[in-house]
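Okay, here's what each chain looks like letter by letter:
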Amino acid sequence: MAFLLRYAAPEPAGGALAIRVGVWQLTPVVTDGVRGWLRCDPRLLPVGPEDRADVVVLDPHGGPPGVVAEAHRRGSRVVAFGPAGLPCRAGAGAGIPCDTGAHACVGQDEGRLALIAAILAVAGGGTATAHAAPQLSERERTALVWWLRSMTKAAVARRMGISPHTVDMYIKRVRAKYAAAGWLLPTKADLLARAVEDGLVGPEDLLEIRRPGPVSP
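Residues numbered from 1 in each chain as written. Predicted model: local features only at pLDDT ≥ 70, side-chain atom pairs only at ≥ 80, totals over all residues. Heavy atoms only, no water.

Draft legend 1. Broad picture of the overall build of the protein chain. Summing up its helical and strand segments, the protein chain has seven helices and seven strands in all. If you list the helices and strands of the protein chain from N to C, you get β-β-α-β-β-α-β-β-α-β-α-α-α-α. In the protein chain, buried positions account for 42% of the 217 residues. Looking at the protein chain alone, contacts between residues at least 24 apart form 66% of all its contacts between residues at least 6 apart. (Helix = DSSP H or I, 4+ residues; strand = E, 2+ residues; numbered from the N terminus. Buried < 20%, exposed > 50% of the residue type's maximum accessible area, 1.4 Å probe, protein only. Contact = heavy atoms within 4.5 Å.)

Draft legend 2. Spatial organisation of helix α5 (residues 153-160). Buried within α5 are the following residues: A155, V156, A157 and M160. Those residues of α5 hidden inside the fold are in contact with α4 (138-148) and α6 (164-180). Once α5 finishes, G161 follows within two positions and takes phi at roughly 70°, a positive value.

Draft legend 3. Focus on the packing of aromatic side chains. Under the defined criterion, the tally for this structure stands at one aromatic pair. Between the aromatic rings of W37 and F81, the centroid separation amounts to 6.4 Å while the plane-to-plane angle is 75°, which identifies the pairing as edge-to-face. Note that W37 is positioned in helix α1 (residues 28-39) and F81 in strand β5 (residues 77-82), a separation of 44 residues in sequence. Positioned over the ring face of W146 is R159, at 4.3 Å from the centre of the ring. (Phe/Tyr/Trp six-rings, centres within 6.5 Å; stacked < 30°, edge-to-face > 60°. Lys NZ or Arg CZ within 6 Å of the ring centre and 35° of its normal.)

Draft legend 4. Spotlight on the nonpolar core. Of all hydrophobic cores here, the largest spans 46 residues; its most connected members are V79, I119 and L144. When sequence neighbours within four positions are dropped, the list of residues in contact with I119 reads V21, L38, L44, V55, V57 and V79. (Core = buried A, V, L, I, M, F, W, Y, C linked by side-chain atoms within 4.5 Å.)

Draft legend 5. The pattern of salt bridges, seen in detail. Per the counting criterion, the structure on display carries nine salt bridges. The partner of E140 in a salt bridge is K177, and the shortest N-O contact between them spans 2.7 Å. With a gap of 37 residues between them, E140 in helix α4 and K177 in helix α6 connect regions that are remote in the sequence. With relative accessibility at 29%, the residue K177 sits in the partly exposed group. A salt bridge links D168 to K153; the shortest N-O distance between them is 2.7 Å. (Salt bridge = Lys/Arg side-chain N within 4 Å of Asp/Glu carboxyl O.)

Draft legend 6. View of the pairing of strand β6 (residues 104-107). Residues A104 and V106 point to one face of β6 and C105 and G107 to the other, with burial holding for every one of them. Two strands pair when backbone bridges link them, and β5 and β6 are joined in this way by four bridges, in the parallel orientation. Counterpart to V79 in the pairing with β6 is A104. (Pairing = 2+ DSSP bridges.)

This is how it looks when you write it as structure tokens:
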């Protein structure tokens, strides 16, 4: 089982100002994508490279050296958002878990949920922590897959030969396992995106398999 970075992402207090997030030293395409993600989340406010930022998202290997130190000098906390296959190694300093000097490291292949969770975590004074993807029982995974196929829980129950209450219990267990790993996934879409990114559910699992019926003579 591959180990992936997970982040405990505290919710901002009611009425709190949006977290100001700078995006530095990423390719233009990635920059546009990240800023789009930020604009879709009311807790976050994308700001320009010269503006004050609570958190800076950057690729520490994508340009001139010293960019992480510059972010620290400006009083910003740092999320390293580098290409897949270039994981950060553990850092030596207390409160700095990444060898680049960032407070959290996210691979660009980990996607929107991982990046936003990391931003929220470091803005709240946290850092990255490593967890394994949740281990699901076969019944939990079966209920999850069929439910994510847009079935109702009642339809899943009929297919599995169990009660809707038991299906609901399986889904709640899956969410609880993710919550224990630092992921709060309140919607079906959030759970689908995270399970696919973790490899717990594959695209083929989400396709309804239709067996051909008997051919009429």
